[in-house]
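Chain and residue survey
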Amino acid sequence: MDYLNINKDAWDKRTKVHVDSKFYDIEAFKDGKSSLNSVELEQVGNVEGKKLLHLQCHFGQDTLSWARQGAEVTGVDLSTEAIEQAHKLKFSLGLEATFIANDIYKFGDENTEEFDIVFTSYGVLCWLPDLNNWAKTVASSLVIGGEFHLVEFHTFNDLLCGYSYFPQANPDVEDEGTYTENCDGQKSTMVTWAHSLSEVVNALIKA
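This write-up is about the structure you can find in this document. (Residues numbered from 1 in each chain as written. Predicted model: local features only at pLDDT ≥ 70, side-chain atom pairs only at ≥ 80, totals over all residues. Heavy atoms only, no water.)

A word on the environment of Thr 112
On the secondary structure map, Thr 112 appears in the loop between α6 (104-110) and β4 (115-121). The spacing of Thr 112 and Ser 140 is 28 residues in sequence and 8.5 Å in space, taken between C-alpha atoms. (Helix = DSSP H or I, 4+ residues; strand = E, 2+ residues; numbered from the N terminus.)

Put into structure tokens, the structure is as follows:
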């Protein structure tokens, strides 16, 4: 199963919906509103002058919010549509940022740059079949003494929604709409994987 192209196509379609949604509220963002929540702002702390890599950055609002905080930012996402929108947003705001359209596993194999901070957040892990490769990407992207910050929904949340808590041999393949208010019943095929909390922690320890 070519899960990368299936999910890329789905997120390309989602991005076109998201940029016009109240959920993401681009106009408020352009007027100066940060897309970051207090939990990640407090957890990550002062980023002034630091190099920050944002994995699975969608169309860049959080990445650019970190840029507004003084970080030198790089955002990576599978969706070419999302990265195109991220570039448009960056230029409209006059902010410095690097955006890369790539699968994060491939990015991890090709990247030679090191960062002070690697950041990723909210609904990112379910799109990854192999957390060991993900964790290797994180570890290889950090300078010695660098920090990784993950802000994610607890995996038990998926169990309450009817998914497996533990990893399975086969992914979940479903036709789904998106989570913004303007989805208008549009659905795309999506491929996701279950990951227990222990799997997440152990992949990072191993890396």
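Some thoughts on the sheet that holds strand β5 (residues 142-151)
The strands making up a sheet are joined through hydrogen bonds of the backbone, oriented either antiparallel or parallel. Pairing in this open sheet of 5 strands is parallel, and the strands run β3-β2-β1-β4-β5 from one edge to the other. Where the open sheet ends on each side, the last strands, each with one partner, are β3 (98-101) and β5. Strand-to-strand twist in this sheet, taken as the mean axis angle between neighbours without regard to direction, amounts to 20°. In this sheet, β4 lies alongside strand β1 (residues 51-55) in parallel orientation, the contact comprising 3 bridges. Bridge pairing links Leu 53 to Val 118 in β4. Each of β1, β2 (72-77), β3 and β4 touches helix α4 (residues 61-68); the most contacted strand, β2, lies at about 175° to it. (Pairing = 2+ DSSP bridges. Axes fitted to C-alpha atoms, helices over the stretch in contact; angles between N-to-C directions. Contact = heavy atoms within 4.5 Å.)

Some thoughts on the packing of α4 against helix α5 (residues 80-93)
Viewed as axis vectors pointing N to C, α4 and α5 meet at an angle of 30°, and their least axial separation amounts to 10 Å. It follows that α4 is roughly parallel to α5 by the angle criterion. Like other packed secondary-structure pairs, α4 and α5 cross with a definite hand, here right-handed. Contacts from Gln 61, Leu 64 and Arg 68 in α4 reach Ala 86, Leu 89, Lys 90 and Leu 93 in α5. (Parallel < 35°, antiparallel > 145°, perpendicular 65-115°, else oblique. Left-handed = near helix turned anticlockwise from the far one by under 90°.)

Read these as spatial facts, not as claims about activity.
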